[in-house]
Each structure stands twice: as C-alpha cells, then as structure tokens.
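Each chain, written out:
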Amino acid sequence: IVDGDVVLTHGRSTSVEAAILYAHSIGIKFRVVVVDSRPRMEGRALLNIFAEQGIPSTYSMLGSVAYTMRRVTKVILGASAMMANGTALSRVGTAVVAMMGHAQRIPIIFCCETYKFHERVQLDAIVSNEVADPNDLIVRNADPSDIDTPGNIRKVDPKKSLEGWSSMPSLSLLNISYDLTPQEFITVVATEVGMIPTTSVPVII
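Attention here is on the structure that accompanies the text.

What counts and how
The numbers attached to residues start from 1 for each chain and follow its sequence in the written order. Local features in this predicted model are restricted to residues whose pLDDT is 70 or higher, and side-chain atom pairs enter the listing and the counts only when it is 80 or higher, whereas totals over whole chains, interfaces and linings include all residues. Working from all heavy atoms in the structure, the side-chain values ignore hydrogens and water. Pairing between strands requires that DSSP locate at least two bridges from one strand to the other. Secondary structure elements follow DSSP: runs of H or I of four or more residues count as helices, runs of E of two or more count as strands, with numbering from the N terminus. Crossover handedness is defined by viewing with both strands directed away from the observer: a clockwise path from the first strand over the helix to the second marks the crossover as right-handed. Only heavy atoms enter the contact rule, under which two residues are in contact if any of them lie within 4.5 Å. Every axis corresponds to a line fitted to the C-alpha atoms, with the helix fit spanning only the stretch in contact, and the corresponding angles, defined between N-to-C directions, vary from 0 to 180 degrees. Here a polar contact means two N or O atoms within 3.5 Å. Within protein one must be a hydrogen donor candidate and the other an acceptor candidate, and residues neighboring in sequence count only if both atoms are side-chain atoms. Multiplying 1.5 Å by the helix residue count minus one yields the expected span of that helix. Using a 1.4 Å probe on the protein chains alone, a residue whose accessible area is under 20% of its type maximum counts as buried, one over 50% counts as exposed, and one in between counts as partly exposed.

Structural notes on the pairing of strand S3 (residues 57–61)
Two elements, strand S2 (residues 31–36) and S3, share five bridges in a ladder whose sense is parallel. Note on S3: the bridge partner recorded for Val 35 is Ser 60. Since S2 and S3 lie parallel, the crossover through helix H2 (residues 43–52) that links them has a hand, and here it is right-handed.

Take a look at the structure:
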C-alpha cells in the first residue's frame, strides 16, 4: 500500500484489517472501499474500525462492485485457505470481487498465513463447502438494527418475505459460506514468508 492508493476489500479478514491498520499507522495516505454482502454483513464491523482510526472509507454492497472498482488501485482480500492448486477458499462473494478486479487489470492480492495452506486440490465450491443456517437469508421487516444510514430504515413488505418457507415443500434455501477463486485471478499471495505466486503454494506445503 502506497500513498494515493484506493484499496478495495470484501467482508472482514483479520489479516487484511491488520495490514491496512499498519499502513495507516506508519503515515501512508490512502482510501479504503469496503464491499459487503448479505447475509453476514461482516464488512460493517470492519468499516467501523477504519472510521474510528480516521481512515477515509467508502462502504458498498456487492451488487455495485463494478461501479466502485473504477477508481480502485489494489484489491486486497482475505483467504480462509489456499489449496495446493493455487485456488483461494474465502467468504462467499470474494471470487466475484477478484474476477471483477482482474477484468479491469487491477492487482488482486490475497492475505493468507502459511498455516492455512492445504494439500487438498479443490476445483469448485460445490463438492465441499459449509452450509450455513438458511434462515439467515430471510428478509424480515426492518428494525433499528437494520438502519443502513442515519434515518434510513428500509421497510420490507411482509408478503415478499421468506418467513414460513419451511412449510412450502417446493421451496428450499441454500446458504453456502465459501467460494473458490481460481489461481488465474490471483496476482500474488501475501504471507509471513513474503509475497509469493500461487504456484509456490505447493512448494511451501
């Protein structure tokens, strides 16, 4: 991260958070774009930390990533694991952000400690994934905790809610937790042993 950068990240990663806070602490002047997605909305907590530290930040939802990517200079993402074939396992939505940045020729940097490197080879996020509570996908009537901006409470029509979905035999909800970013969309992996290409993941393992 250098002066003048516009850094985009998705969700919340402790490694990315530490890197950005460190860059800010040594006086580098840059901006951050936090892209978030439902249902976890993890980016809000990260955004609050950056705001408290005085880091200029922008908050955006995943659906508008193509627009927010136009002025971004680096995409820095966290990984839950790096597979032996160089793919990155991370919070669902990360692959979309990485592919969008790659399409606009922006460096895609994954922060991942080497203890998260795994000898398994995984080609997709369907065969092996973590399925979260489907009720997290339900859109309920807004309450004070759903305020996106001061004074802006989003009302939801109860008829359009998914509450009671379990009583409908023809309806099922799928809430997967992770996705896979193929290695061709990753510029470099930042680790405690240095910046490495994805092809070096099996070497370190």
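Continuing now.
What to know about the sheet that holds strand S8 (residues 117–118)
With respect to topology, four strands assemble into an open sheet ordered S8-S5-S6-S9, the strand pairing being mixed. Across the chains shown, the open sheet's two edge strands, defined by having one partner strand only, are S8 and strand S9 (178–181). Along the sheet, helix H4 (residues 94–103) makes contact with strand S6 (88–91) and S9, crossing S9 at roughly 25°.

Describing the sheet that holds strand S4 (residues 74–78)
Sheets are built from strands that pair by backbone hydrogen bonding, the pairs being arranged parallel or antiparallel. Strand order across the open sheet formed by seven strands is S3-S2-S1-S4-S7-S10-S11, with mixed pairing between neighbours. The open sheet is flanked by S3 and strand S11 (194–196), the only strands paired with a single partner. In this sheet, adjacent strand axes meet at a mean angle of 25° when their direction is disregarded. Looking at chain direction, strand S1 (residues 6–10) and S2 are connected through five bridges and run parallel. When the bridges of S2 are listed, Thr 9 appears paired with Val 34. Its contacts with the sheet place helix H1 (residues 14–25) against S1, S2, S4 and strand S7 (108–111), and it is angled at close to 135° to S4.

Let's talk about the side chain of Thr 191
For Thr 191, the position within the fold is in strand S10 (residues 188–191). A distance of 3.1 Å separates a polar side-chain atom of Thr 191 from the backbone nitrogen of Val 193. A distance of 2.8 Å separates a polar atom in the side chain of Thr 191 from the backbone oxygen of Gly 194. Dropping the residues within four chain positions of it, Thr 191 is found in contact with Cys 112, Thr 114, Phe 117 and Ile 196.

Let's talk about H1
Taking 1.5 Å per residue, 12 residues should reach 16 Å; H1 reaches 16 Å between its end C-alpha atoms and fits that length. Listing the buried residues of H1 in full gives Ser 15, Val 16, Glu 17, Ile 20 and Ala 23. Those residues of H1 hidden inside the fold are in contact with S1, S2, H2, S4 and S7.

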